[in-house]
Amino acid sequence: MINKKFLLAGRPIGRPIEDGDFEYQEEELRGIEEGEVLLENLVIEFQPAQKGWMEQISNYVAPLEIGDVMRCNGIARVLESKSNNFKSGDIVTGQTCWQSHPILSDSELEIIEDPSAATLHLGALGGTGLTAYFGVTKISKPKPGDTVVITGAAGGVGSIAGQIFKISGCKVIGIAGGKEKCKILLDEFGFDAAIDYKSEDINKSLKELCPEGINVLYDNVGGRILNDCLAHIAMNARIAICGIISRHKTDNANFGPENYANLIFKRASMEGFIVIDFMSEADTARKKLKEWISDGKIKCKEDIQEGFENIPNTLKRLFDGKNQGKQLLRISD
């Protein structure tokens, strides 16, 4: 059996991701050993953190070296097992990476009890949903009546975070790129207002929509948009720094907020976080997220591309802002 895979071949530091950053290879699969499982990768997920791994600037996960298989989480089917925990046909989730037939240790996998909702474990019930949940509950600490602004609001994390803020009784304003994304924020995710940064003056819109200032800023973008938002924060505002996707076209040494002095004037707090800091509470968070999904309080939107050969372009699609909801790619049914 042949395993298809994409390896890291370049480091896109201070520039967009390019085709030459990846190398396609095929290899003959070895036999599995005791405690291992042979998988067929079905669906994989994409997240902004992958660019940081490629650049090797992330210091919270193991370095991704040139020649390594690109890292990601996925949903897979068990083809062969030498583990007492899994059998052929089981649907599992784990770090399956950019390859068609991973071989993983059984300790690296988690069985999915309800395969009909499998992709939720890459989105609302996976790292995406947990990031949103902990960013809201642990960092932002919303109070009813708070005015909340979310950047990158139409992405997987932003859209779920916005809905959790709404559950908390907040007024939620999303910033996204394009009229279609803004319409989705209003019609599908129940945001109170949306700002199209591609066609609107962000400062003017924030002044109109947040006349008393922003109580909570949940930032997934960084750069100029973060800087503009900081000019409109209210007294004692909380700013949660979740991501900096704007850096993918920026020299990493030359971006950051000029309006940070407003943190002093408004006695505001700005705090960065990473989901792994709270994983001891993941089961509790997933239980709450499942409850909200079941009750219709959280809607999950997935942007699913097709075909193993389209994996690199799907990652670029994420950084070009083309995704609507959680970015996934289906490799096999």
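Our subject is the structure listed above.
None of these values were measured; they are calculated from a predicted model.

## Regarding the overall build of the protein chain
Line of reasoning, step 1. What the protein chain contains, in helices and strands, is nine helices and 15 strands.
Line of reasoning, step 2. For 333 residues, the compact-globule estimate of 2.2 N^0.38 gives 20 Å, and the protein chain sits close to it at 20 Å.
Line of reasoning, step 3. Its C-alpha atoms give the protein chain principal-axis dimensions of about 65 × 45 × 35 Å.
Line of reasoning, step 4. Looking at the protein chain residue by residue over its 333 residues, the buried ones come to 53%.
Line of reasoning, step 5. Of the roughly 14900 Å² that the protein chain leaves accessible, carbon and sulfur atoms contribute 47%.
Line of reasoning, step 6. Averaging the coordinates of the 39 positive side-chain charges in the protein chain and doing the same for the 48 negative ones gives two points 7 Å apart.

## Comments concerning unusual backbone geometry
Line of reasoning, step 1. The phi torsion at Cys97 lies on the positive side, around 65°, for a residue other than glycine.
Line of reasoning, step 2. Among the structural elements, Cys97 can be located in the loop between strand S5 (91-94) and strand S6 (103-105).
Line of reasoning, step 3. With relative accessibility at 12%, the residue Cys97 sits in the buried group.
Line of reasoning, step 4. With phi around 60°, Asn236 is a residue other than glycine that occupies positive phi space.
Line of reasoning, step 5. The residue Asn236 is located in strand S12 (residues 233-241) in this model.
Line of reasoning, step 6. Residue Asn236 is classed as partly exposed on the basis of its relative accessible area of 47%.

## Quick look at the sheet that holds strand S10 (residues 193-196)
Strands in a sheet are paired, the pairing made by backbone hydrogen bonds, and the direction either parallel or antiparallel.
Line of reasoning, step 1. With parallel pairing, six strands are arranged side by side in an open sheet as S10-S9-S8-S11-S12-S13. For this open sheet the edge positions go to S10 and strand S13 (269-272), each flanked by a neighbour on one side alone. Shown here is a sheet whose adjacent strand axes are inclined to one another by a mean of 15°, direction ignored.
Line of reasoning, step 2. Relative to strand S9 (residues 171-176), strand S8 (residues 147-151) runs parallel, the two sharing five bridges. Each bridged residue has a counterpart across the sheet, and for Thr151 the counterpart in S9 is Ile175.
Line of reasoning, step 3. Together, strand S11 (214-219), S12 and S13 form the strand contacts of helix H2 (residues 127-140), whose direction differs from that of S11 by roughly 145°.
Line of reasoning, step 4. Helix-sheet contacts for helix H6 (residues 223-230) involve S8, S9, S11, S12 and S13, and the interaxial angle to S11 is about 170°.

## Points about helix H8 (residues 282-294)
Line of reasoning, step 1. Along its 13 residues, H8 runs 18 Å from first to last C-alpha, staying within 8% of the 18 Å computed at 1.5 Å per residue.
Line of reasoning, step 2. If you check which residues of H8 are buried, you get Ala282, Ala285, Arg286, Leu289 and Trp292. Mapping the buried residues of H8 onto a view down its axis gives an arc of 125°, with all of them on the same face. Across from the buried face of H8, at angles greater than 90 degrees, the exposed residues are Asp283, Thr284, Lys287 and Ser294.
Line of reasoning, step 3. Along its buried surface, H8 packs onto H2 and helix H3 (156-167).
Line of reasoning, step 4. A positive backbone phi angle near 80° is found at Gly296, which sits one or two residues after H8.

## Observations regarding the state of the cysteines
Line of reasoning, step 1. What the rule picks out here adds up to zero disulfides.
Line of reasoning, step 2. Considering cysteine sulfurs only, Cys97 is the nearest to Cys72, which forms no disulfide, with 6.0 Å between them.
Line of reasoning, step 3. Between Cys182, a cysteine without a disulfide, and Cys229, which holds the nearest cysteine sulfur, the sulfur-to-sulfur distance is 13 Å.
Line of reasoning, step 4. Its relative accessible area of 7% is what places Cys182 among the buried residues.

## What about the packing of aromatic side chains?
Line of reasoning, step 1. Evaluated as defined, the whole model comprises eleven aromatic pairs.
Line of reasoning, step 2. The interplanar angle of 55° and the centroid separation of 6.0 Å between the aromatic rings of Phe46 and Trp98 together place this pair among those described as tilted. A residue pair is termed long-range when its members are at least 10 positions apart, and Phe46 in the loop between strand S3 (36-45) and helix H1 (49-55) and Trp98 in the loop between S5 and S6 qualify at 52 residues.
Line of reasoning, step 3. Here Trp98 falls in the buried class, since its relative accessible area comes to 0%.
Line of reasoning, step 4. Summarising the aromatic geometry, the rings of Tyr133 and Trp292 are spaced 6.1 Å apart at their centres and angled 40° between planes, so their arrangement reads as tilted. With Tyr133 in helix H2 and Trp292 in helix H8, the pair connects residues that are 159 residues apart, well separated along the chain. Of the two residues, Tyr133 and Trp292, both sit in the buried class.
Line of reasoning, step 5. Connected via pairs of aromatic rings, a cluster forms that spans Phe6, Phe22, Tyr24, Phe46, Trp98 and Phe308.
Line of reasoning, step 6. For Arg71, the ring lying beneath its charged end belongs to Trp53, and the centroid distance is 5.1 Å.

Conventions used here
- Residue indices begin from 1 for each chain and proceed along its sequence in written order.
- Per-residue local features are limited, in this predicted model, to residues with pLDDT of at least 70; the limit for side-chain atom pairs, both in listing and counting, is 80 or more; totals at the level of whole chains, interfaces and linings are taken over all residues.
- Calculated side-chain values reflect all of the structure's heavy atoms, with hydrogen atoms and water omitted.
- By the criteria applied, helices consist of DSSP H or I runs no shorter than four residues and strands consist of E runs no shorter than two, each listed in order from the N terminus.
- When we talk radius of gyration, it's over C-alpha atoms, and the globule rule is simply 2.2 Å times the number of residues to the 0.38.
- Partly exposed residues are those whose accessible area sits between 20% and 50% of the maximum for their type, while under 20% is buried and over 50% is exposed, using a 1.4 Å probe and protein chains only.
- Per-residue accessibility takes into account occlusion by the displayed protein chains alone, with areas from the Shrake-Rupley method and a 1.4 Å probe.
- When charges are tallied, Lys and Arg are placed among the positive residues and Asp and Glu among the negative ones, while His and the ends of the chain are skipped.
- Every charge is mapped onto a representative atom, which is NZ of Lys, CZ of Arg, CG of Asp or CD of Glu.
- If DSSP finds at least two bridges between two strands, the strands pair.
- Note on geometry: axes are lines fitted to C-alpha atoms, helical ones only across the stretch in contact, with angles between N-to-C directions running from 0 to 180 degrees.
- The contact criterion used throughout is that any non-hydrogen atoms of two residues lie within 4.5 Å.
- Helix span is expected to be 1.5 Å times the residue number reduced by one.
- Each direction from the helix axis to a C-beta atom contributes to the arc, which is the arc of those directions.
- Any pair of cysteine sulfurs within 2.5 Å is marked as a disulfide.
- Planes of paired rings set the category: under 30 degrees apart is stacked, over 60 is edge-to-face and the rest tilted, where pairs are Phe, Tyr or Trp rings (Trp by its six-membered ring) whose centres lie within 6.5 Å.
- For a lysine, the NZ atom is tested; for an arginine, the CZ atom; a charge sits over a ring if that atom is within 6 Å of the ring centre and within 35 degrees of the ring normal.

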